[in-house]
Amino acid sequence: MSFLPMMEAWPRPRVEALYAGITPEEVDAALYRERRSLRDLAVLLSPVARTRLEDMAREAHQLTRRHFGRTVSLYAPLYISNLCAADCLYCGFAAHSGSREKRTTLTPEQIRRECAALQAMGYQSVLLLTGDAPRAVPLNHIADAVGIAREFFPSVAVEIYALDTAGYRTLCNRGLEGVTLYMETYDRETYARVHQGGDKTNYDFRLDAIERAGEAGARRLSIGALLGLFDWRIDVLWLAMHARWLQKQCWRSALSISFPRLRHTPPRFIIPCPVSDTDLVQIMLGLRLFLPEVGFNLSTRETPAFRDRLIPLGITAMSAGSSTRPGGYATHRAGFTGHSRPGAPVLEQFEIDDRRSPAEVVAAIRRAGYDPVWKDFDRAFDNN
Ligand code: SF4
């Protein structure tokens, strides 16, 4: 199966039409319906619902409690490479981003050192990341990294270039649990404009990658749209359709959504459709009401104060103490390598805004009335 026919059945004008003629009465009805339709989601994301965010927050809070209890899981990103052959205009790792900072791929020994550092901080769940450079960072290197990470953590996920089903299966056979892959934007035209080089230019191959990961046995799937690239009211509708479609297609896997929002970009890229804090709150609340049983992840791209405010609105997993440069936890701490080019900073993908330590984030989660969870207890019930 492919999600492509669904995208073709829902071109932009049809999605825009979902937002037509919305009334305050419809917002009331959408707020308290048991199972919400796509039109309900559009109603909740519409400007008309803007005055009802508090009511939406109450409902979102209750739904999250019902489906996920009071827990928020913690995970750490571990960049194993910053080499990238793609040219995504918004990204610091892009082949032509203009950055002169050091590019590197961690050796197995360095990956082990990074894992040990994260384990010492208490993490039991790690997300391994690379750029889109299948020739420089081949699948077997990533598979080895998964194998190493599994020596340290019960839960290992990857956020890497799109693979075919056999590729995902290779990683699952080494103990991979989860795959994160953002479509960035579902709008084909915008996608082509901002992705100018490398294998990532293939929209169709990327669109169906997450389903292939599910087919291959990845037990956790995570999707998202890079907020800021396109009109969020349209992209989030497509994202929500993709989520519901994946829930049916990949019913063996748990699905989650991330909310990456463009904030710091390379000088050559101006964010075309900025998303405000209130927009982001409305997106999360609307999606929580539409997808009550889907996990929500929040990265350190957002500020501490804003992240703390978002916790009760439906967040189920957070990263903390993150570094977006390879070796950032132990090998090249603070971004400086003591090896081949002393003093040369190691390139990071983007600047993070929440620089608190894991302990400080744990304290913030507790202050919000939630229990931080370092371990994925679901695994205890997994027979695979
Ligand atoms: S977004 Fe990913 S694929 Fe694109 S340039 Fe950055 S690291 Fe490479």
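Remember, predicted model here, so these are calculated numbers, not experimental data.

Undergrad: Can you walk me through the pairing of strand β5 (residues 220–223) in this structure?
TA: Where a strand is regular, its side chains alternate between the two sheet faces. Burial of the side chains of β5 extends over both faces: Arg220 and Ser222 are buried on one face and Leu221 and Ile223 on the other. The sheet contact formed by strand β4 (residues 178–180) and β5 spans three bridges and is parallel. Within β5, the residue paired with Gly178 across the bridge is Arg220. In terms of strand pairing, β5 meets strand β6 (residues 254–258) through four bridges, oriented parallel. Its bridge partner being in β6, Ile223 is matched across the sheet by Ile257. Handedness of the β5-helix α12 (residues 232–249)-β6 crossover: right-handed.

Undergrad: Could you clarify how one ought to interpret the site of the ligand in this entry?
TA: Close to the ligand lie Cys84, Ala86, Cys88, Cys91, Phe93, Ala94, Gly131, Asp132 and Lys200. Here the shell around the ligand is composed, by residue class, of six nonpolar, one polar and two charged.

Undergrad: Would you explain the environment of Ala116 in this entry?
TA: Note that Ala116 resides in helix α6 (residues 108–121). The exposure class assigned to Ala116 is partly exposed, which follows from the 13 C-beta atoms found within 10 Å. Along the backbone, Ala116 and Phe153 are 37 residues apart, and their C-alpha atoms lie at a distance of 9.6 Å.

Undergrad: How should I be thinking about the environment of Arg169 in this particular structure?
TA: As for its position among the elements, Arg169 is in helix α8 (residues 165–173). Judged by local crowding, Arg169 falls into the partly exposed class, with 17 C-beta atoms found within 10 Å. Distance in space between the C-alpha atoms of Arg169 and Arg212 is 9.2 Å, their sequence separation being 43 residues. Those residues in contact with Arg169, other than ones at most four positions away along the chain, are Ala216 and Gly217.

Undergrad: Is there a simple way to explain the nonpolar core in this structure?
TA: Grouped burial of nonpolar side chains is what soluble globular proteins tend to show. Counting residues in hydrophobic clusters, the biggest one holds 110 residues, and the most contacted among them are Val126 and Leu128. Ranked by residues supplied to this core, first place goes to α12 with seven residues. Setting aside its immediate chain neighbours within four residues, Val126 contacts Tyr75, Ala76, Leu78, Leu118, Ala149, Phe153 and Val156.

Undergrad: Please clarify how α8 should be interpreted in this entry.
TA: Given 3.6 residues to a turn, an α-helix orients residues that are three or four positions apart in the same direction. By the burial criterion, the buried members of α8 are Gly167, Tyr168 and Leu171. Viewed along the axis of α8, the buried residues span an arc of 95°, placing them on a single side of the element. Tucked inside the fold, the buried residues of α8 contact α7 (139–152), β3 (155–159), β4 and α11 (209–216). Positive phi appears at Gly175, one or two residues downstream of α8, with a value of about 110°.

Undergrad: What exactly am I supposed to notice about the packing of helix α3 (residues 24–32) against helix α4 (residues 38–45) here?
TA: Packed helices, taken two at a time, are described by the angle between their axes plus the distance between the axes. Packing of α3 against α4 leaves a shortest axis separation of 9 Å and a crossing angle of 115°. Note that α3 runs across α4; the crossing there is left-handed. Contact residues: α3 offers Glu26, Val27 and Ala30, while α4 offers Asp40, Val43 and Leu44. Class assignment of the residues belonging to the contact of α3 with α4 gives a composition of four nonpolar, no polar and two charged.

Undergrad: What exactly am I supposed to notice about the packing of α6 against α7 here?
TA: At their nearest, the axes of α6 and α7 sit 9 Å apart, and the two run at 30° to each other. Between α6 and α7, the crossing angle belongs to the class labelled roughly parallel. Classified by chirality, the crossing of α7 by α6 is right-handed. Where α6 approaches α7, its residues Pro108, Ile111, Arg112, Cys115, Ala116 and Gln119 are matched on the opposing element by Asp144, Ala145, Ile148, Ala149 and Phe152. The class makeup of the residues in the contact of α6 with α7 is eight nonpolar, one polar and two charged.

Undergrad: When you look at helix α5 (residues 53–68) in this model, what are you seeing that I'm missing?
TA: Helix length check: α5 (16 residues) gives 21 Å between terminal C-alpha atoms against 22 Å at 1.5 Å per residue, within 8%. Of all the positions in α5, only Met56, Ala60, Thr64 and Phe68 are classed as buried. Viewed along the axis of α5, the buried residues span an arc of 65°, placing them on a single side of the element. The exposed residues of α5 that point more than 90 degrees off its buried face are Glu54, Gln62 and Arg66. Where the residues of α5 are buried, they touch α3, α4, β1 (71–79) and α13 (277–290). Of the residues trailing α5, Gly69 is marked for its positive phi of about 70°.

Parameters at a glance
Residues numbered from 1 in each chain as written. Predicted model: local features only at pLDDT ≥ 70, side-chain atom pairs only at ≥ 80, totals over all residues. Buried ≥ 20, exposed ≤ 12 C-beta atoms within 10 Å, placed from the backbone. Helix = DSSP H or I, 4+ residues; strand = E, 2+ residues; numbered from the N terminus. Pairing = 2+ DSSP bridges. Right-handed = clockwise from strand over helix to strand, strands pointing away. Near = placed C-beta within 6 Å. Nonpolar A, V, L, I, M, F, W, Y, C, P; charged D, E, K, R; others polar. Contact = placed C-beta atoms within 7 Å. Core = buried A, V, L, I, M, F, W, Y, C linked by C-beta atoms within 7 Å. Arc of directions from axis to C-beta. Axes fitted to C-alpha atoms, helices over the stretch in contact; angles between N-to-C directions. Left-handed = near helix turned anticlockwise from the far one by under 90°. Parallel < 35°, antiparallel > 145°, perpendicular 65-115°, else oblique. Expected span 1.5 Å × (residues − 1).

Just geometry here; none of it tells us what the structure is for.
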